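Overview (structure and organization)
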Amino acid sequence: MKKIYVKEWMLFQPYERQDEVDTYYVNVANHIAGCLKDFVGGRYPEHSVHGIAIYLTLWFQDVISQTGIWQAFSEECRKRYGCLVPFMTPEKEKDYYPGEVNPEDLQFLLWHYLQCMEKQAGGVLNPENPAFEELANQIYDYLSEEFQVAPENERLYAMFYGEPFGENDYMRYRSVLEWFHFCSYVGFENRGEYQRVVDTVARMGQNVNPHILSYDVKQNILFEGRKNLLSLTSVEWLALVGKSHPETALWAEVKALPQEMYLYEGEDEKFLFVKDLSKKEGEQLSIRKDSLNMDSLKARKEGVTILSCRLVQYGGAWWQDGMLVVSDLQEKVQEEIDQQYAAMKLRIQFMYENNNATILSTLLSAESLSDLLSKSEYIQQISNYDHQKMQELSD
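Here goes a summary of the coordinates provided. (Residues numbered from 1 in each chain as written. Predicted model: local features only at pLDDT ≥ 70, side-chain atom pairs only at ≥ 80, totals over all residues. Heavy atoms only, no water.)

**Thoughts on the overall build of the chain**
The line we're drawing: Counting from the N terminus, the helices are the DSSP runs of H or I reaching at least four residues and the strands are the DSSP runs of E reaching at least two. For every residue, the accessible area (1.4 Å probe, protein chains only) is compared with the maximum for its type, and the residue is labelled buried under 20%, exposed over 50%, or partly exposed between those bounds. Note on contacts: a residue pair qualifies if any of its non-hydrogen atoms lie within 4.5 Å across the two residues. Exposure was quantified through the Shrake-Rupley algorithm and a 1.4 Å probe, taking into account, for residues, occlusion by the shown protein chains and nothing else.
Helices and strands together make up the secondary structure of the chain, namely 15 helices and six strands. Across the 395 residues that make up the chain, the buried fraction comes to 46%. Across the chain, contacts joining residues at least 24 apart in sequence account for 64% of those joining residues at least 6 apart. Surface accessibility of the chain: about 21100 Å² in total, with carbon and sulfur atoms responsible for 51%.

Structure follows, in structure tokens:
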């Protein structure tokens, strides 16, 4: 098997220049990759084995550097399931040491990553398979020795907690968010999901610039994707990670709205005032001007100009993030009908192509028999509604 090189490792770091710390962790990743190769044989391609080894090493780096990601995971697991790690028995918890390397952590992560690979072929792996425990113990024996000498990644820690995040630091927060979503070990499927969605939309024949398409998909997945551990968005994840540190207290208050249309109603020196057209009450929001491309709004008119965009609340203010489309209210009437029709066709096609996974995920989230029946009825209502609206828009 080929080695993992530093350039592969650096794809997951929030900086560009490597140092001796990165060299150390690449060696760790290669040792883990050797253990994985012996375990999986030729079942998965080499690049997938490398990927899992890198993600496990990212977890080890987090534990050593005390960036708090696994700590947040364990605390949320305790809150949800009554245990620090999924599938952990009360007997094993007695020998568990928070903040250190534990075989139970490795066993869960190994199962999670390999299950992500296996489900692509429709397979299901038993998390309690003794083989996972054996492999976890093998890697644990190695990492527990390295735990004594492993270096902290001070540059990674500084990205999180080096300087307090103030109310004007949205773009700095945004940079951490993107790194977390696409490079942290809790989002094993996020890169693949991004590419799959881009490819799917492109195959549907949307007449869109590929660079704009990729950017728009990335923005949506970044704020709304739930492929992370615990099915949390990356915004929700950072809120958990940051709540234990005063430097990142603002992370807990971040709120992202979906792409909506806002009617321009006025401004002052710092803010643009808009009305949310998706709300009957017409809620007015204040958007920071320094987050907007004001050149695209030179011809703005009160009560006429519409901004189609995503807004993110950070530091007590709303920031525009991602694509901004500016138009006039009158132009939006027919355009909105056309967009609803196109979006509905897109959603129906996507649901048909992903029917089993989408519906199964919804049904498996039921917490009781009555909830299951309600969700089944809800899925039927969506289907009926789509059929009805397609007929209406076709007439």
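**Description of helix 10 (residues 190-203)**
Along an α-helix, a turn takes 3.6 residues, which lines up residues three or four apart on a common side. Selection criterion: Every helix has an expected span of 1.5 Å times one less than the residues it contains. Think of the arc as the fan of directions from the helix axis to the C-beta atoms.
Spanning 14 residues, helix 10 covers 20 Å between terminal C-alpha atoms, matching the ideal 20 Å at 1.5 Å per step. Regarding helix 10, the residues found buried are N190, E193, Y194, V198, T200 and V201. All buried residues of helix 10 lie within an arc of 165° about the axis, which places them on one face of the element.

**A short note on the packing of aromatic side chains**
Going by this rule: Any two rings among Phe, Tyr and Trp, with Trp reduced to its six-membered ring, count as a pair given centres within 6.5 Å; such a pair is stacked if its planes are under 30 degrees apart, edge-to-face if over 60, and tilted if neither. Only when the NZ of Lys or the CZ of Arg is both within 6 Å of the ring centre and within 35 degrees of the ring normal is a charge said to sit over the ring.
Counting across every chain of the model gives 28 aromatic pairs. When the centroid spacing of 5.0 Å and the interplanar angle of 80° are considered together, the rings of Y24 and Y25 count as edge-to-face. Arranged with centres 5.5 Å apart and planes meeting at 35°, the rings of F160 and Y161 form a pair that is tilted. There is no split in this pair, since F160 and Y161 are both buried. Through a chain of ring-to-ring contacts, three or more aromatic side chains come together here, namely Y157, F160, Y161, F165, Y170, Y173, W179, W251, Y314 and W319. For the cation-ring pair, R155 lies above Y15, with the distance from its terminal atom to the ring centre recorded as 3.6 Å. The aromatic ring of F165 is capped on one face by R172, whose charged end is 3.6 Å from the ring centroid.

**As for the packing of helix 10 against helix 11 (residues 210-224)**
Rules: What counts as an axis is a line fitted to C-alpha atoms, over the stretch in contact for a helix, and the angles between N-to-C directions run from 0 to 180 degrees. Note that the term roughly parallel is reserved for angles under 35 degrees, roughly antiparallel for angles over 145, roughly perpendicular for angles of 65 to 115, and oblique for everything else. Take the far helix as the reference: if the near one is turned anticlockwise from it by less than a right angle, the crossing is left-handed, and if turned clockwise, right-handed. Ten residues, namely Ala, Val, Leu, Ile, Met, Phe, Trp, Tyr, Cys and Pro, are considered nonpolar, four, namely Asp, Glu, Lys and Arg, are considered charged, and the remaining ones, Gly among them, are considered polar.
Remark: helix 10 packs on helix 11, axes separated minimally by 10 Å, with the N-to-C direction vectors making an angle of 130°. In terms of orientation, helix 10 and helix 11 fall into the oblique class. The handedness of the crossing between helix 10 and helix 11 is right-handed. In this structure, helix 10 uses E193, Y194, V197, V198, V201 and A202 to contact helix 11, whose residues at the interface are L213, S214, V217, K218 and I221. Split into classes, the residues belonging to the contact of helix 10 with helix 11 amount to eight nonpolar, one polar and two charged.

**Concerning the environment of Y157**
Mapped onto the fold, Y157 is located in helix 8 (residues 154-161). The exposure class of Y157 is partly exposed, given its relative accessible area of 32%. In contact with Y157, other than residues within four places in its own chain, are S65, Q66, T67, G162 and H245.

**Regarding the pairing of strand 2 (residues 260-267)**
The condition is simple: Here, any two strands with at least 2 DSSP bridges between them count as paired.
Where strand 2 lies against strand 5 (residues 305-314), four bridges are found, and the strand directions are antiparallel. Of the residues in strand 5, the one forming a bridge with E260 is C309. Here five bridges tie strand 2 to strand 3 (residues 271-276), and the two strands are oriented antiparallel to one another. When the bridges of strand 3 are listed, E267 appears paired with L272. Taken together, strand 2 and the strand that follows it, strand 3, pair antiparallel across an intervening segment of three residues.

**Some remarks on unusual backbone geometry**
Of note in the backbone geometry, F87 takes a positive phi value of approximately 75° without being a glycine. Not every positive phi belongs to a glycine, and L230 is a case in point at roughly 70°. Relative to the assigned elements, L230 resides in the loop between helix 11 and helix 12 (234-242).

**A closer look at helix 9 (residues 170-183)**
Over its 14 residues, helix 9 extends 19 Å from the first C-alpha to the last, a length consistent with the 20 Å expected when each residue adds 1.5 Å. Burial analysis of helix 9 places 10 of its 14 residues in the buried class, which makes it a mostly covered element. Within helix 9, burial applies to Y170, Y173, R174, V176, L177, W179, F180, H181, F182 and C183.

**Concerning the pattern of salt bridges**
A pair can form between side chains of opposite charge whenever their charged atoms are brought close. Defined as follows: Each salt bridge in this description consists of a side-chain nitrogen of Lys or Arg and a carboxyl oxygen of Asp or Glu lying within 4 Å of one another.
Counted under the stated rule, the structure contains 16 salt bridges. In this structure, the salt-bridge partner of R80 is E76, at a minimum N-O distance of 3.1 Å. Here R80 and its partner E76 are both found in helix 4 (residues 69-81), four residues apart, which amounts to about one turn of the helix. Close ionic contact of E178 with K218 constitutes a salt bridge, the shortest N to O distance being 3.3 Å. You can see E178 sitting in helix 9 and its partner K218 sitting in helix 11, a full 40 residues away along the chain. For E178, a relative accessible area of 26% translates into the label partly exposed.

**Section: the environment of R310**
Note the threshold: Here a polar contact means two N or O atoms within 3.5 Å. Within protein one must be a hydrogen donor candidate and the other an acceptor candidate, and residues neighboring in sequence count only if both atoms are side-chain atoms.
Position of R310 among the secondary structure elements: in strand 5. Its relative accessible area of 1% is what places R310 among the buried residues. Separated by 52 residues in the primary sequence, R310 and P258 place their C-alpha atoms 5.6 Å from one another. Discounting residues that sit within four places of it in the chain, R310 has contacts with Q219, N220, F223, E224, L257, P258, Q259, W319, Q320, D321 and M323. Within the structure, the side chain of R310 is placed 2.6 Å from the side chain of N220, a separation counted as a polar contact. Of the polar contacts made by the side chain of R310, one reaches the side chain of E224; its length is 3.1 Å.

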